[in-house]
Amino acid sequence: MAFKSVILSPSLMCADLLNLSHAVRELEEAGVDALHIDLIDSAFSPSMPLGLETIKQLRKQTRLDFDIHIMSVNNEWFIKQVLDIGVQRIAFHYETSLHPDRLVNLIKKENVEAGIALNPATSLTTLDYLLPSLDYALLMLINPGFAGDKSEQQVPYAEEKVRQLRAKISAAEADTAIQVDGRVSFATIPGLIAAGATNLVLGSTGLFVAGHTLKENKRTLDQTVAEGLARVEIRE
């Protein structure tokens, strides 16, 4: 495994939605790498936290990378909208894509990183022919749109799915990163990194943990990431 660092992508839907400008400034000061922004059409999953106009306004407020996760039944329309805004990464769901290869090419021709997202139970075999052209794969570790449901736990096969995807990427001699999303917590981060995750989507259990300041949570996060990276180095 070649990676020695991990991208930190806090989920904007878990920030203070009434004070987004302030929340983004705090995240900048904390030293995160990107803002993970969920675009949900309410048909794909029962949630709709942020609209396109909000994202347009936020683009003027920060230089942080925009990491877009489209959860929609109309992927192409959303892809074109966010490309016009100016973003750095776009992932869309395989489950609602008739021509995923075409959509990957649509993104990449604009010099934006392209990713495909998979629901927890979607097989990794769907990526067999796509891996060489993907900048990253986004593995959902809970069912999309249910982050607010505290009873929704990370799937028990989370680490194993990451490990299997890492093996597929190596076998394909690809350079595809692995992003993980869904209950990516202080408890699960070391294992996910050790299994091969290189990009963490951070929510209510990994950065916006109630009862602590963002700075306190960031310190804990840095410790758990370091623990995961140390486990990678030991195995190497």
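The rules behind these values
Residues numbered from 1 in each chain as written. Predicted model: local features only at pLDDT ≥ 70, side-chain atom pairs only at ≥ 80, totals over all residues. Heavy atoms only, no water. Patch = residues over 30% accessible without salt bridge, like charges linked within 9 Å, V, L, I, M, F, W, Y side chains within 5 Å. Areas by Shrake-Rupley, 256 points an atom, 1.4 Å probe, with all protein chains shown as cover. Salt bridge = Lys/Arg side-chain N within 4 Å of Asp/Glu carboxyl O. Lys, Arg positive; Asp, Glu negative; His and termini not counted. Charge placed at Lys NZ, Arg CZ, Asp CG, Glu CD. Helix = DSSP H or I, 4+ residues; strand = E, 2+ residues; numbered from the N terminus. Buried < 20%, exposed > 50% of the residue type's maximum accessible area, 1.4 Å probe, protein only. Pairing = 2+ DSSP bridges. Core = buried A, V, L, I, M, F, W, Y, C linked by side-chain atoms within 4.5 Å. Contact = heavy atoms within 4.5 Å. Axes fitted to C-alpha atoms, helices over the stretch in contact; angles between N-to-C directions.

**Regarding a negative patch on the surface**
Step number 1: Together, Asp16, Glu26, Glu28 and Glu29 line one region of the surface with negative charge.
Step number 2: With respect to the helices, strands and loops of the structure, Glu29 is situated in helix H1 (residues 20-30).
Step number 3: Judged by relative accessible area, Glu29 falls into the exposed class, the value being 66%.

**Thoughts on the pairing of strand E6 (residues 136-140)**
Step number 1: Of all 5 residues that make up E6, 5 are buried, and the element is covered over most of its length.
Step number 2: Judged by which residues are buried, E6 turns out to be covered on both faces: Tyr136, Leu138 and Met140 on one side and Ala137 and Leu139 on the other are all buried.
Step number 3: Pairing of strand E5 (residues 113-118) with E6, which is carried by 4 bridges, proceeds in the parallel orientation. Paired with Ala117 across the bridge in E6 is Leu138.

**As for the nonpolar core**
Step number 1: One finds Ile90 and Leu200 to be the most contacted residues of the largest nonpolar core, which totals 67 residues.
Step number 2: If sequence neighbours within four positions are ignored, Ile90 has contacts with Ile68, Ile70, Ile79, Val82, Leu83, Ile107, Val112, Glu113, Ala114, Gly115 and Tyr136.

**A word on the sheet that holds strand E4 (residues 89-93)**
One key point about sheets: their strands pair by backbone hydrogen bonds, in either a parallel or an antiparallel sense.
Step number 1: Strand order in this open sheet of 8 strands is E1-E8-E7-E6-E5-E4-E3-E2, and the pairing throughout is parallel. Two strands bound the open sheet, and with one partner strand each, they are strand E1 (7-10) and strand E2 (34-40). Averaged over all pairs of adjacent strands, the angle between strand axes in this sheet comes to 20°, irrespective of strand direction.
Step number 2: Where helix H5 (residues 158-171) meets the sheet, its contacts fall on E5, E6 and strand E7 (177-181), and the angle it forms with E7 comes to roughly 165°.

Distances and angles like these do not, on their own, reveal function.
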